[in-house]
Amino acid sequence: MTGSMIGADVDALRTLAAEFERDADRLSVLADGLGASLQSVHWAGADAARAREAWRTEGQPRIRAAADRLRQAAADLRWQAEEQGAASAAATASALAAGAMGALGAAGAVGHAGTAESGAVADLRAAADSGSPATVAAAWRKLSASERESLIRDDPGLVGNLDGVPASARDAANRARLDPERAALEEQRKELVAAKAGKAELAAVEAKIRSIDAIKETLELSDRHLLTLDLTQERAMAAVAIGDADTAQNVVVFTPGLNSTVDGALARYDNDMRLVRQECLMSAPRSTTATVTWIGYQAPQSTADSLTDPHKSVVTDAAAHTGGHQLAQFVRGLDAARETDAHITALGHSYGSTTTAAAALELARDGSTPIDDLVLFGSPGILTNDAADFGLDDGG
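Just so it is clear, the model here is predicted, and its values are computed rather than measured.

Asks: In this structure, what is going on with empty space enclosed by the protein? I would like to understand it.
Replies: In this approach the atoms are scanned with a rolling probe the size of a water molecule, which exposes any empty space left behind. Taken as a whole and judged by the stated rule, the model has two cavities of 30 Å³ or more. Taken as a whole, the largest cavity encloses approximately 40 Å³ of empty space. Along the walls of the largest cavity sit Val165, Pro166, Ala167, Arg170, Asp246, Gly333, Leu334 and Ala337, which together make up its complete lining. Listing elements by their share of the lining of the largest cavity, those giving two or more residues are helix H7 (167-194) and helix H11 (318-337). For the lining of the largest cavity, the residue count by class is five nonpolar, one polar and two charged. The volume enclosed by the second largest cavity comes to roughly 30 Å³. Forming the boundary of the second largest cavity are Arg235, Ala236, Ser260, Thr261, Val262, Ile295, Tyr297, Gln298 and Ala299. Looking at the lining of the second largest cavity residue by residue, the class counts come to five nonpolar, three polar and one charged.

Below is the structure:
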């Protein structure tokens, strides 16, 4: 048996997972496309009504359920790959440690391993403070599977919004936060009502409660992932992906503009990104695509307070620069967390195009931007007069 492999082939598991994901995407497109065709075809009468109802209640749910099972199987395969990779790394580390420590004995080796694990978690926390998604990604890869699970369970606030952590882990952490955060906001609302607080303060808390509700409703849809959940500022911020941003060959990040809020606009933009993804999958069925609705900044609002504050107003670019840095960090994190390179397209509409331009210019200053294509539309300004400043290839 010398030289034979024990355990799974990690690359083969990941390849099979990607195939399952592509098949799931094709089924989803099929379910949406057939439904749209059945609704649009010129067919009236009782038979038509029965056929449409049968499709709505039986046919389409079955296809979507099959797609969900394929995605779950893909997720299970990736988990197995991670476990196998971690086990192989641990076995190698143990062998090296045993050889190095020799006469110190087994007890000493176990103690060393325990110190290394706690050190890996400390390294991640230090990386979080560094502000470098690449450093975070490197630190996350050094964690064992059990350390990652413990962090998601015990410190979801750290993991969920940490650029450089894989999308799957961020989603798990942020989902775990939704109910506790909503409960805390409800308590805060009750206290404000009891204290007869001002209308603006109460309205802000109620908007955050509605934002969480909007996020939860969106996550009930197929193949959604919550990559950002930030309630620390005036309005809630969130990023929701459709598809697997960790493995998809193409990743599209959309940033909306004026008056965009999680509670008021997430559902609409998520549906827009569903349609974008559907078009991508139909035009390139052998490729995988993930789309992200990124409301991860404080978009200007058409209120008196926002319009008259130079840091918030749509008539200045201050909010675009602040949001642009946050978006740049998000894109850096998506790129750094992946095992393979993705074709990243940044979309920006309205004031979101200015914010996206600010992010693209910041990334270009790094010398090598993760963005491959940049699409700015309905734009009030893109902060430069020379497209070369974005650092993209011609045509990007």
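Asks: Hey, could you run me through the side chain of Ser353 in this one?
Replies: By secondary structure assignment, the location of Ser353 is in helix H12 (residues 351-365). With residues near it in sequence (within four places) discarded, Ser353 still touches Gly348, Leu376, Phe377, Ser379, Pro380 and Gly381.

Asks: Just to check I follow, could you spell out the sheet that holds strand E3 (residues 250-255) for this structure?
Replies: Think of a sheet as strands paired side by side through backbone hydrogen bonds, with each pair either parallel or antiparallel. Spatially, E1-E2-E4-E3-E5-E6 is the arrangement adopted by the six strands of the open sheet, whose pairing is mixed. Among the strands making up the open sheet, the edge pair consists of strand E1 (224-230) and strand E6 (371-377). Averaged over all neighbouring strand pairs, the angle between strand axes comes to 15 degrees, with direction disregarded. Bridging between E3 and strand E5 (residues 343-349) involves six bridges; their strand directions are parallel. Looking across to E5, one finds that Thr255 is bridged to Gly348.

Asks: Looking at this model, I keep getting lost on the pairing of strand E4 (residues 289-295). Mind explaining?
Replies: Two faces, one strand: in a regular strand the side chains alternate between the faces of the sheet. For E4, a buried count of seven out of seven residues is recorded, marking the element as mostly surrounded by other parts of the structure. Along E4, one buried face is formed by Thr289, Thr291, Thr293 and Ile295 and the opposite face, lined by Ala290, Val292 and Trp294, is buried too. The pairing of E3 with E4 spans five bridges and is parallel. Within the sheet, the bridge partner assigned to Val253 lies in E4 and is Val292. Traced from E3 through helix H9 (residues 262-283) to E4, the parallel crossover comes out right-handed.

Asks: Sorry, what's going on with the environment of Val165 here?
Replies: Mapped onto the elements of the fold, Val165 is located in the loop between helix H6 (156-160) and H7. With relative accessibility at 2%, the residue Val165 sits in the buried group. In this structure the C-alpha to C-alpha distance between Val165 and Ala128, which are 37 residues apart in sequence, comes to 10.0 Å.

Asks: Before we go on, may I ask you to explain the confidence of the model for the chain in this structure?
Replies: When pLDDT is low, close inspection of the predicted coordinates is not appropriate. Mean pLDDT for the chain: 87, with 88% of residues reaching 70 or above. Counting contacts from residues 1-6, a segment whose pLDDT is below 50, to residues more than four positions away or on other chains yields one contact. Segment residues 100-117 is flagged for pLDDT under 50; beyond a separation of four residues in sequence, or across chains, it makes six contacts in the model.

Asks: In this structure, what is going on with the packing of H11 against H12? I would like to understand it.
Replies: The description of two helices packed together rests on the angle between their axes and the distance between the axes. H12 packs onto H11 with a crossing angle of 55 degrees between their chain directions and a minimal axis gap of 7 Å. It follows from the interaxial angle that H11 and H12 lie oblique. Our pair here, H11 against H12, has a crossing hand that is right-handed. Of the residues in H12, those touching H11 at Ala318, Ala319, Ala320, His321, Gly323, Gly324, His325, Leu327, Ala328, Val331 and Arg332 are Tyr351, Thr354, Thr355, Thr356, Ala358, Ala359, Glu362 and Leu363.

Asks: Sorry if this is basic, but what is going on with the packing of helix H8 (residues 199-219) against H9 here?
Replies: Here H8 crosses H9 at 20 degrees, and the two axes come no closer than 8 Å. Classified by the angle between their axes, H8 and H9 sit roughly parallel to one another. As H8 packs across H9, the resulting crossing turns out to be right-handed. Listed contacts from H9 to Ala207, Arg210, Ser211, Ala214, Ile215 and Thr218 of H8 are Val262, Asp263, Leu266, Ala267 and Asp270. For the contact of H8 with H9, the class distribution of residues is six nonpolar, two polar and three charged.

Asks: Any chance you could explain the layout of surface pockets here in plain terms?
Replies: Taken as a whole, the second largest pocket encloses approximately 330 Å³ of empty space. Contributing to the lining of the second largest pocket are 18 residues, with Asp32, Arg64, Ser222, Arg224 and Arg274 lying nearest its centre. Breaking the lining of the second largest pocket down by element, the ones donating at least two residues are helix H1 (10-40), helix H2 (46-101) and H9. Examining the composition of the lining of the second largest pocket, we find that seven residues originate from one element, H9, more than from any other.

Asks: Mind showing me how you'd approach the side chain of Thr356 here?
Replies: Positionally, Thr356 belongs in helix H12. On the accessibility criterion, Thr356 (1% relative accessible area) is buried. When near neighbours in sequence (up to four residues on either side) are disregarded, Thr356 contacts Thr255, Leu327, Ala346, Leu347, Gly348, Leu374 and Leu376.

Asks: Would you mind going over the packing of aromatic side chains with me for this structure?
Replies: The geometry of an aromatic ring pair is captured by two quantities: the separation of the ring centres and the angle between the planes. By the definition in use, this model includes three aromatic pairs. Ring geometry for Trp294 versus Tyr297: centroids 5.8 Å apart, planes at 5 degrees, classification stacked. Note on accessibility: Trp294 and Tyr297 belong to one class, buried. What links up through ring pairs into an aromatic cluster is the set Trp294, Tyr297 and Phe330. Directly above the aromatic system of Tyr269 lies the positively charged group of Arg268, at a separation of 4.6 Å from the ring centroid.

The rules behind these values
Residues numbered from 1 in each chain as written. Predicted model: local features only at pLDDT ≥ 70, side-chain atom pairs only at ≥ 80, totals over all residues. Heavy atoms only, no water. 1 Å grid on protein atoms, 1.4 Å probe; cavity = no way out; pocket = protein on both sides within 12 Å on 5 of 7 lines; lining within 4 Å. Points joined across faces, edges and corners; volume = space filled by probe spheres on them. Helix = DSSP H or I, 4+ residues; strand = E, 2+ residues; numbered from the N terminus. Nonpolar A, V, L, I, M, F, W, Y, C, P; charged D, E, K, R; others polar. Contact = heavy atoms within 4.5 Å. Pairing = 2+ DSSP bridges. Axes fitted to C-alpha atoms, helices over the stretch in contact; angles between N-to-C directions. Buried < 20%, exposed > 50% of the residue type's maximum accessible area, 1.4 Å probe, protein only. Right-handed = clockwise from strand over helix to strand, strands pointing away. pLDDT = per-residue confidence, 0-100. Parallel < 35°, antiparallel > 145°, perpendicular 65-115°, else oblique. Left-handed = near helix turned anticlockwise from the far one by under 90°. Phe/Tyr/Trp six-rings, centres within 6.5 Å; stacked < 30°, edge-to-face > 60°. Lys NZ or Arg CZ within 6 Å of the ring centre and 35° of its normal.

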